[in-house]
Amino acid sequence: MNHQEVDVTITAVAPVGSRVDADGIIGFIDQVKHPSWWSAEEAPPQVGDHLHAVVLDDSRTPPRLSALQKDIDIARELRKRA
């Protein structure tokens, strides 16, 4: 499931990141993998927010995801090569 894109909903927010739900699968987006970490123009994560994300590491519990466009773009390139 690494490099797959998913739509998620934030279900909890902590100082280190956000827990997300992707159709019943729980994941985690580290604070630095949320756009608000890099831009003051982006709203910080809040429960109920919907994001488009990519799976970075499905071997972790919970799986780690990223909502950064650069990570989504990298995943798309990796899927093209596979």
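Structure first, text after, so check above.
**Brief notes about the packing of aromatic side chains**
Point 1. Evaluated as defined, the whole model comprises zero aromatic pairs.
Point 2. Over the ring of W38 we find K70, and its NZ or CZ is 5.7 Å from the ring centre.

**Section: the environment of E5**
Point 1. Mapped onto the secondary structure, E5 falls in strand β1 (residues 5-14).
Point 2. A residue is classified by how much of its surface remains accessible, and E5, at 22% relative accessible area, is partly exposed.
Point 3. Spatially, the C-alpha atoms of E5 and L65 are 9.2 Å apart, while their sequence positions differ by 60 residues.
Point 4. Excluding its chain neighbours within four sequence positions, the residues that come into contact with E5 are H52, A53, V54, I72, R76 and R79.
Point 5. Reaching out from E5, the side chain makes a polar contact with the side chain of H52 at a distance of 2.6 Å.
Point 6. A polar atom in the side chain of E5 sits 2.7 Å from the side chain of R76.

**Some words on the nonpolar core**
Grouped burial of nonpolar side chains is what soluble globular proteins tend to show.
Point 1. Residues V6, V8, I10, V20, A22, I29, L51, A53, V55, L65 and A67 constitute the largest nonpolar core, which totals eleven residues.
Point 2. Of all the elements in the fold, those that place two or more residues in this core are β1, β2 (17-22) and β4 (50-57).
Point 3. In this structure, A22 is in contact with V6, D7 and V8, ignoring residues within four places of it in sequence.

**Thoughts on the side chain of S66**
Point 1. Counting through the fold element by element, S66 comes out in strand β5 (residues 64-66).
Point 2. What makes S66 buried here is its relative accessible area of 0%.
Point 3. Reaching out from S66, the side chain makes a polar contact with the backbone nitrogen of L68 at a distance of 3.1 Å.
Point 4. Among the polar contacts made by the side chain of S66, one reaches the side chain of D71 at a distance of 2.6 Å.
Point 5. Discounting residues that sit within four places of it in the chain, S66 has contacts with K33, H52, A53, V54, L56 and D71.

Rules behind the numbers
- Residues numbered from 1 in each chain as written.
- Predicted model: local features only at pLDDT ≥ 70, side-chain atom pairs only at ≥ 80, totals over all residues.
- Heavy atoms only, no water.
- Phe/Tyr/Trp six-rings, centres within 6.5 Å; stacked < 30°, edge-to-face > 60°.
- Lys NZ or Arg CZ within 6 Å of the ring centre and 35° of its normal.
- Helix = DSSP H or I, 4+ residues; strand = E, 2+ residues; numbered from the N terminus.
- Buried < 20%, exposed > 50% of the residue type's maximum accessible area, 1.4 Å probe, protein only.
- Contact = heavy atoms within 4.5 Å.
- Polar contact = N/O pair within 3.5 Å; in protein donor to acceptor, adjacent residues only side chain to side chain.
- Core = buried A, V, L, I, M, F, W, Y, C linked by side-chain atoms within 4.5 Å.

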